[in-house]
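Tertiary structure, described
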Amino acid sequence: MDVRIAESWKMHLKDEFDKKYFKELVAFVKQEYTGFKVFPKGSQIFSSFDRCGFEDLKVVIIGQDPYHGDGQANGLCFSVNDGVKMPPSLINIFQEIKDDLGKEFPATGNLERWADQGVLLLNATLTVRAYSPGSHQNKGWETFTDAVIRTISEKREGIVFLLWGAYAQRKGEIIDPSRHKILASAHPSPFAANRGFFGNRHFSKTNTYLEAQGLKPIDW
């Protein structure tokens, strides 16, 4: 099956696209886009891969679902389009960056600038029906994104994985900790941020690790 995803990823994931679950997933997603409003727009489903090539990858952040409100989702976890009000979790992420690195809040919550520096902003589920959180869970996306994480773990070395919250940490159990740097903490949502997200210093720790490998740090 020909999937419109960046070539650097296609060569590593091509076997997934011919599996039964993925063909069923594609059929489901196409039907959803035909019958309902679905986010992100179709051209942005694989934006996280398109903006961050496999060989350019330095950091992986694992989210859960795309935002389900109008105009928010752009294919990158935690990110919103320019001009869109920042959701609470994203505000807390920027607050931790400010506390950790002294950087002021940015003008936009669009995280394309992170992706362009080698940060894979990977939601476990890449699509969602409008106003219906979790509506595309357990349809095959999780199997695909597990394959993505496993591929990174096996074929790359020295990647920083930021696992925020129990869901991301469970999904990260397939990462080989002897080959990669895993940083785990509470989720940045308002319900959990005070239980270990604030003060985790993941952003400075990531950059320290990257610099120790001779790599350019991320401009968070």
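Please refer to the structure placed before this passage.
In this report, the structure presented in the accompanying data block is examined.

About the criteria used
Residues numbered from 1 in each chain as written. Predicted model: local features only at pLDDT ≥ 70, side-chain atom pairs only at ≥ 80, totals over all residues. Heavy atoms only, no water. Phe/Tyr/Trp six-rings, centres within 6.5 Å; stacked < 30°, edge-to-face > 60°. Helix = DSSP H or I, 4+ residues; strand = E, 2+ residues; numbered from the N terminus. Buried < 20%, exposed > 50% of the residue type's maximum accessible area, 1.4 Å probe, protein only. 1 Å grid on protein atoms, 1.4 Å probe; cavity = no way out; pocket = protein on both sides within 12 Å on 5 of 7 lines; lining within 4 Å. Points joined across faces, edges and corners; volume = space filled by probe spheres on them. Nonpolar A, V, L, I, M, F, W, Y, C, P; charged D, E, K, R; others polar. Axes fitted to C-alpha atoms, helices over the stretch in contact; angles between N-to-C directions. Parallel < 35°, antiparallel > 145°, perpendicular 65-115°, else oblique. Left-handed = near helix turned anticlockwise from the far one by under 90°. Contact = heavy atoms within 4.5 Å. Expected span 1.5 Å × (residues − 1).

A word on the packing of aromatic side chains
The final tally for this structure, using the stated rule, is 20 aromatic pairs. Arranged with centres 6.3 Å apart and planes meeting at 80°, the rings of F94 and W114 form a pair that is edge-to-face. Of this pair, F94 sits in helix α4 (residues 88-101) while W114 sits in helix α5 (residues 112-115); the two residues are 20 residues apart in sequence, bridging distant segments of the chain. As far as burial versus exposure is concerned, F94 and W114 are alike and both buried.

Thoughts on the layout of surface pockets
Empty space within the largest pocket amounts to approximately 620 Å³. Of all the elements in the fold, those that place two or more residues in the lining of the largest pocket are β2 (59-63), α4 and α7 (166-171). Looking at which element gives the most residues to the lining of the largest pocket, the answer is α7, with three residues. The class makeup of the residues in the lining of the largest pocket is 17 nonpolar, 11 polar and one charged. In terms of lining, the second largest pocket is formed by 16 residues, of which the most central are V3, R4, K30, I45 and F46. Sort the elements by how many residues they give to the lining of the second largest pocket and helix α2 (residues 20-35) lands first, with six residues. Split by residue class, the lining of the second largest pocket holds 10 nonpolar, two polar and four charged.

Quick word on the packing of α2 against helix α6 (residues 141-155)
Contact geometry for α2 and α6: axes closest at 9 Å, N-to-C directions at 125°. In terms of their interaxial angle, α2 and α6 are classed as oblique. Here α2 and α6 pass one another in a crossing that is left-handed. Between α2 and α6, the contacting residues are Y21, F22, L25 and V29 on the first element and W141, T143 and F144 on the second. Class assignment for the residues of the contact of α2 with α6 results in six nonpolar, one polar and no charged.

Describing α4
Counted at 1.5 Å a residue, the expected span for α4 with its 14 residues is 20 Å, and the 20 Å between its end C-alpha atoms agrees. Considered for burial, the residues of α4 that qualify are S89, L90, N92, I93, F94, E96, I97 and D100. If you follow the buried residues of α4, they end up packed against α5, β5 (160-164) and α8 (202-212). Looking one or two residues past α4, G102 carries a phi angle of roughly 80°, positive in sign.

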